[in-house]
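# Coordinates in review
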Amino acid sequence: MPAFLLRRLLATIPVLIVVALIVFTMLQLSPGDPAAAIVGDSGNSEDIARVRAQLGLDQPWPVQFANWSGRLLQGDLGTSLFIKKSVAELISQRVGPTLSLAAVTLTLTLLVAIPLGVLAAWRHGGWLDRALMSMSALGFSVPAFVVAYLLIWLFALHLKWLPVQGYVEMSKGLWPWLRNLILPAFTLSTVYIALIARVTRASVAEALTEDYIRTARSKGISEARVLARHALRNAAIPIATVVGIGVALLISGVVVTETVFAIPGLGQLTVDAVLSRDFPVIQGITLFFSVIYVMVNLLVDLSYLALDPRIRY
Amino acid sequence: MSGSVFQSRKLVGVIAAGLLALSGTAAVAQEKVLRVAPQADLRILDPVWTTAIVTRNHAFMIYDTLFGMDANGKILPQMVDTWKTSPDGMVWDFKLRPGLAFHDKTPVTSADVIASIKRWGSRDTLGQSMMAALTKIEAVDTNSFRMTFKQPFGMVLDAFAKSSPPFIMPERIAKTSGDQQITENIGSGPFIFKQDEYRPGNKIVYLKNKDYVSRSEAPAGTAGGKPVPVDRVEWIVLKDAQTQANALTNGEIDMIERMPPEQYSALKANPGVEIITQVPQGSVMLVLNHLVPPFNNPKIARAATLAISQESLLRAQMVNNDLFKTCPSFYPCGTAYASTTRTAGFTGKPQFSAAKRLLQEAGYDNKPVVLLHPTDHPTLNKYPPVMAALLTQAGFKVEVQSMDWQTLVARRAKKDPADKGGWNIFMTSFFMADTINPLVFTPMNGTGEKGWFGWPTNPKIETLKGEFLATLDEAKRKELAAQMQEEALSSGMLAPLGEYKPLVAVAKGVTGVVPSPNTVMWNIDKK
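In the annotation of an unreviewed UniProt entry, the entry for chain B reads ABC transporter substrate-binding protein, and the organism field reads Pigmentiphaga aceris. The UniProt entry for chain B carries the following text under Sequence similarities (unreviewed entry): "Belongs to the bacterial solute-binding protein 5 family."

The name given to chain A in an unreviewed UniProt entry is ABC transporter permease, and the organism recorded there is Pigmentiphaga aceris. The Subcellular location (unreviewed entry) comment attached to chain A in UniProt states, word for word, "Cell membrane".

Have a look at this one:
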């Protein structure tokens with residue numbers, strides 16, 4: 001097990017190097033110039049050239065990459081070209097809202113999607129199954145921003161129960177924190193509920209056809225216990241896999257939701273950085289996300305151990 | 001018994017504390033907070049380093065200026081108490097108002113002012129002209145300074161009062177090279193920047209400067225008194241137009257600095273919202289690339305300007321008639337230098353026959369002109385398709401290239417031919433203060449490749465600008481401004497596309513928004 005962990009952690013290093021190289025190259029190839037954005041409307045070509053030189057953007061690519069990599073090896077993700085704050089500081093300021101949103105969304109998703117999926121599997125082919133799967137299709141189909149505006153209209157503007165936008169840190173109180181996350185989490189969770197409910201339904205439905213389920217039922221075990229302890233437990237691995245993929249997608253899928261609800265998270269930071277060509281921030285965030293993805297995958301692999309004792313690494 | 005009472009009280013205390021934590025209601029003194037959705041995120045804090053409008057707005061919050069300008073463009077003193085000039089206009093003496101102090105409690109001295117002017121003059125176009133005309137700038141005493149010119153320079157007060165003036169900062173900060181960004185944000189203005197609460201992309205916070213020494217006059221644009229009735233101003237960065245409108249409707253913000261045109265009808269019909277004018281108007285311009293074909297031929301450039309239909313363009317972008325007006329002048333209609341008659345035949349209405357005739361005379365080869373289309377720019381993204389249609393009607397072949405705004409600002413700096421990564425046409429907008437006279441209007445530049453994007457070479461414009469710079473005679477200035485406008489329009493240098501109204505939306509109960517050439521936030525109160 002420790003050897004497995006070490007092996008997996010070491011495997012992240014080449015992944016990060018490749019990601020860094022690809023991102024750097026793609027940024028160099030993309031149109032746009034941060035110096036032009038910095039100079040503003042009243043500057044001229046000479047101003048842009050001067051700022052490019054100051055930022056080192058006039059250096060050849062390999063030199064720029066070597067400089068950036070050198071700093072990265074010393075633990076320095078660089079400094080934003082615009083905000084003049086370290087990328088690490090910017091990420092640390094933004095990670096809280098995104099993780100909060102992700103955590104509430106994930107909790108909501110699991111609380112809703114798994115029972116729905118199990119129920120649909122239990123009543124496979126019946127009206128409940130068809131109704132739940134239709135809702136699931138709707139969850140997949142409706143764009144997040146449409147869901148967001150509908151929820152805002154109903155719960156914020158019409159009923160005045162919840163705020164339209166913003167984020168409050170948990171240190172200011174549990175309810176203010178949660179209050180600002182309810183609508184965005186509902187918005188974001190629709191697609192994940194749809195996804196995880198479908199996978200749960202398929203996995204549990206398959207498990208329910210197995211001999212051990214028939215044996216359990218014949219022993220007189222209650223249906224709820226059969227579903228929870230026997231069917232769901234044995235269907236857990238594909239569900240855990242999809243949840244893991246969902247978490248990874250969730251981190252990057254917050255962009256629209258963060259924009260509509262003005263949550264100052266990593267999604268907004270990424271969009272701002274891309275639109276202004278803030279290269280160090282884009283590179284830093286990409287690496288950060290890469291590490292998160294690797295870690296989430298690792299956690300999913302480890303969860304298999306808990307879910308299925310036959311698995312050994 | 002006593003124990004159970006104690007335990008009960010303890011329990012009540014714990015529950016109360018829990019509820020308090022849950023509700024987030026802390027025992028904080030009630031502050032009056034004005035929450036504003038700014039027109040853009042504030043990412044650069046140095047007004048010398050960039051000319052971005054949001055940075056300028058930030059600078060007007062925390063710094064004070066020597067002179068200011070009212071909503072009609074009239075120049076008024078601000079930090080300066082008295083001033084005089086020699087009869088030949090070569091020596092200017094200024095005395096600062098007494099009692100001015102920076103946010104770090106140090107007094108404002110002439111040394112601070114001189115350092116700030118020098119830093120600004122190293123970067124600002126008009127400032128550079130001023131520095132070139134200066135023999136010396138020196139402190140007379142701690143409160144007075146003198147500027148001695150080697151040649152007549154009539155734009156001293158205009159330079160100090162314009163939209164990007166020298167913002168006065170402590171000497172130690174102002175000694176930073178103009179090529180480097182400052183790292184401290186200390187001014188002597190009516191608001192104090194809360195560095196520790198600065199969250200770019202989210203929230204920018206300013207506190208009322210209780211020690212600010214306001215002028216006794218009523219607020220007048222960037223001049224006059226600068227009273228602050230609120231304790232704190234928070235800029236809440238809301239990028240989505242619908243979210244801005246929703247937040248205002250729901251009482252989560254008090255003001256939208258630049259109301260999105262598409263929200264105008266809904267907000268106007270909202271009884272809880274008031275729509276007002278702060279910055280009187282802004283202008284949109286058609287910019288042509290004069291370095292490369294076909295607009296290196298003045299006849300073809302002029303033909304492109306004759307295709308303009310201001311009415312069609314503005315209606316497409318601004319949606320509602322209340323939000324725009326046509327104006328064939330470069331200078332804002334209704335201000336001192338505006339002229340709607342001396343436009344060299346340019347009317348802002350399409351003259352397709354004349355345009356076609358010019359194209360024929362010039363031998364236009366029917367090669368497509370590349371028109372840049374910033375699809376993500378909410379106030380510029382609808383002009384290009386309409387302009388393309390108008391140009392086509394005038395006989396041009398047009399290729400519209402869509403991109404995001406940041407790609408456009410990088411692309412417009414390229415001097416290559418359009419088919420090799422360059423460009424032929426783009427459109428951009430300016431606030432009133434940026435077009436108020438020919439010297440602050442950046443595109444009015446005939447210095448070729450050294451000038452602004454489009455790079456027209458026009459020695460006559462530069463000669464007229466030199467004369468404008470030297471004179472203090474207002475009648476002569478008006479004449480020179482009109483001549484420059486005629487020259488620019490007749491040579492097809494660039495053309496005005498009309499004026500938009502950058503309206504402000506406020507919640508009912510918000511009062512005191514000061515009409516101004518720039519966005520300013522003093523004097524604003526809320527119930």
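## Some thoughts on the overall build of chain B
Looking only at helices and strands, chain B features 15 helices and 23 strands. Since a compact globule built from 527 residues should have a radius of gyration of about 24 Å, the 26 Å found for chain B is in line with a globular shape. Referenced to the eigenvectors of the C-alpha coordinate spread, the extents of chain B come out at roughly 110 × 55 × 40 Å. Looking at the 527 residues of chain B, the share that counts as buried comes to 59%. In chain B, the share of contacts with a sequence separation of at least 24, taken over all contacts with a separation of at least 6, comes to 71%.

## Re the UniProt feature "domain: Solute-binding protein family" (unreviewed entry) in chain B
Mapped onto this numbering, the UniProt entry gives "domain: Solute-binding protein family" (unreviewed entry) at residues 75-444 of chain B. When the span residues 75-444 of chain B is considered, its composition is 25% helix and 22% strand, and the gap between its end C-alpha atoms is 22 Å.

## Concerning the pattern of salt bridges
One side chain can pair with another of opposite charge once the charged atoms of both are near each other. Taken as a whole, this structure holds 40 salt bridges over all chains when the rule is applied. The partner of R277 of chain A in a salt bridge is D404 of chain B, with the nearest N and O atoms 2.9 Å apart. Of the two residues, R277 of chain A sits in the loop between α13 (266-276) and α14 (279-307) while D404 of chain B sits in the loop between β18 (398-403) and α13 (405-411), which places them in two different chains. Accessibility classification places R277 of chain A together with D404 of chain B in one group, the buried group. Among the salt bridges present, the one from D93 of chain B reaches R146 of chain B, with a minimum N-O distance of 2.7 Å. Pair noted here: D93 of chain B is in strand β6 (residues 91-96) and R146 of chain B is in strand β8 (residues 144-149), with a separation of 53 residues, a long-range link. Here R146 of chain B falls in the partly exposed class, since its relative accessible area comes to 30%. Taken together, the shared-partner salt bridges in this structure form one network comprising R35, K194, D196, E197, K203, R232 and E234 of chain B.

## Observations regarding the sheet that holds strand β7 (residues 134-141) of chain B
Residues and elements named next belong to chain B. Ordered by their spatial adjacency, four strands build an open sheet running β5-β6-β8-β7, and the pairing between neighbours is antiparallel. Every other strand in the sheet has two partners, leaving β5 (80-85) and β7 as the edge strands with one partner each. Averaged over all neighbouring strand pairs, the angle between strand axes comes to 15 degrees, with direction disregarded. Bridge count between β6 and β8: five bridges; the pairing is antiparallel. Among the inter-strand pairings, W92 is bridged to a residue of β8, identified as M147. Sitting on the sheet, helix α3 (residues 110-121) is in contact with β6, β7 and β8, with an inclination near 160 degrees to β7.

## Notes on the UniProt feature "transmembrane region" (unreviewed entry) in chain A
Residue and element names in this part refer to chain A. Mapped onto the present numbering, the UniProt feature "transmembrane region" (unreviewed entry) falls on residues 9-27, 99-122, 134-157, 177-197, 235-261 and 281-307. Here residues 99-122 runs as 100% helix and 0% strand, with 34 Å between its end C-alpha atoms. Along residues 134-157, the helical share is 92% and the strand share 0%, with 28 Å between the first and last C-alpha atoms.

## Here's the deal with the confidence of the model for chain B
Residues and elements named next belong to chain B. Summary statistics for chain B give a mean pLDDT of 91 and a share of 94% for residues scoring 70 or more. With pLDDT under 50 throughout, residues 1-7 is counted as low confidence; its partners more than four residues away or in other chains account for zero contacts. Overall, residues 19-27 carries pLDDT values under 50, and its contacts beyond four positions in sequence, including any with other chains, amount to 13 contacts. Taken over the whole predicted complex, pTM reads 0.84, whereas the ipTM for its chain interfaces reads 0.79.

## Remarks on the domain arrangement of chain A
All names here are of chain A. Along its sequence, chain A is carved into domain 1 (1-74) and domain 2 (87-307). Here the C-alpha centre of domain 2 lies 32 Å away from the C-alpha centre of domain 1. Approximately 1,600 Å² of surface area, both sides summed, lies buried where domain 1 meets domain 2, with 79% of it carried by carbon and sulfur atoms. Contact with domain 2 buries area across many residues of domain 1, yet R8, L16 and L27 alone supply 30% of it, more than any other trio.

## Some thoughts on the packing of helix α5 (residues 87-122) of chain A against α14 of chain A
All names here are of chain A. For the pair α5 and α14, the least separation of the axes is 10 Å and the interaxial angle reads 55 degrees. Relative to α14, the element α5 is oriented oblique. The crossing of α5 and α14 is right-handed. Across the interface between the two elements, V87, L90, I91 and V95 from α5 touch P280, V281, G284, I285 and F288 from α14. Split into classes, the residues belonging to the contact of α5 with α14 amount to eight nonpolar, one polar and no charged.

## Quick notes on helix α9 (residues 298-306) of chain B
All names here are of chain B. Summarising burial for α9: seven of the nine residues are buried, a large majority. Among all positions of α9, only I300, A301, R302, A303, A304, T305 and L306 are buried. Those residues of α9 that are buried are in contact with β15 (282-288), α11 (352-362), α12 (383-393), α15 (474-490) and β20 (494-500).

## Brief notes about the side chain of N209 of chain B
Mapped onto the secondary structure, N209 of chain B falls in the loop between β11 (203-208) and β12 (232-236). A distance of 3.1 Å separates a polar side-chain atom of N209 of chain B from the backbone nitrogen of D211 of chain B.

## Some thoughts on the sheet that holds strand β21 (residues 503-507) of chain B
Residues and elements named next belong to chain B. The seven strands lie next to each other as β10-β11-β12-β1-β13-β21-β14, forming an open sheet whose pairing is mixed. Edge strands, defined here as strands with exactly one partner in the open sheet, are β10 (191-193) and β14 (273-277). Sheet analysis places strand β1 (residues 33-37) next to β12, joined by four bridges and oriented parallel. By the bridge assignment for β12, R35 is matched with E234.

## Considerations on the environment of L16 of chain A
Residues and elements named next belong to chain A. Within the secondary structure, L16 sits in helix α1 (residues 2-29). Judged by its relative accessible area of 22%, L16 falls in the partly exposed class. Through-space distance from the C-alpha of L16 to that of S69 is 11 Å; in sequence the pair is 53 residues apart.

## As for the interface of chain B and chain A
Listed per partner, the contact involves 48 residues of chain B and 50 residues of chain A. The contact between chain B and chain A buries some 3,900 Å² in all, and 49% of this surface belongs to carbon and sulfur atoms. It is R43, W49 and Q406 of chain B that lose the most area in chain B upon contact with chain A, and together they represent 15% of the buried surface on that side. Summed over the shared surface of chain B and chain A, the number is two salt bridges. Of the charged contacts in the structure, one is a salt bridge between D272 of chain A and K239 of chain B, with a shortest N-O distance of 3.0 Å. Linking chain B with chain A are 12 residue pairs in polar contact (both at pLDDT 80 or more). Elements with a contribution of two residues or more to the side of chain B that touches chain A: α1 (2-23), α7 (241-249), α13 and β19 (425-431) of chain B. Broken down by class, the residue content of the side of chain B that touches chain A amounts to 17 nonpolar, 18 polar and 13 charged.

Reading the values: the criteria
Residues numbered from 1 in each chain as written. Chains lettered and ligands numbered in written order. Predicted model: local features only at pLDDT ≥ 70, side-chain atom pairs only at ≥ 80, totals over all residues. Heavy atoms only, no water. UniProt positions renumbered as here; feature names shortened; annotations may be inferred. Helix = DSSP H or I, 4+ residues; strand = E, 2+ residues; numbered from the N terminus. Rg over C-alpha atoms; globule rule 2.2 N^0.38 Å. Buried < 20%, exposed > 50% of the residue type's maximum accessible area, 1.4 Å probe, protein only. Contact = heavy atoms within 4.5 Å. Salt bridge = Lys/Arg side-chain N within 4 Å of Asp/Glu carboxyl O. Pairing = 2+ DSSP bridges. Axes fitted to C-alpha atoms, helices over the stretch in contact; angles between N-to-C directions. pLDDT = per-residue confidence, 0-100. Domains from an automatic or database assignment. Buried area = accessible area lost by both parts, 1.4 Å probe. Parallel < 35°, antiparallel > 145°, perpendicular 65-115°, else oblique. Left-handed = near helix turned anticlockwise from the far one by under 90°. Nonpolar A, V, L, I, M, F, W, Y, C, P; charged D, E, K, R; others polar. Polar contact = N/O pair within 3.5 Å; in protein donor to acceptor, adjacent residues only side chain to side chain.

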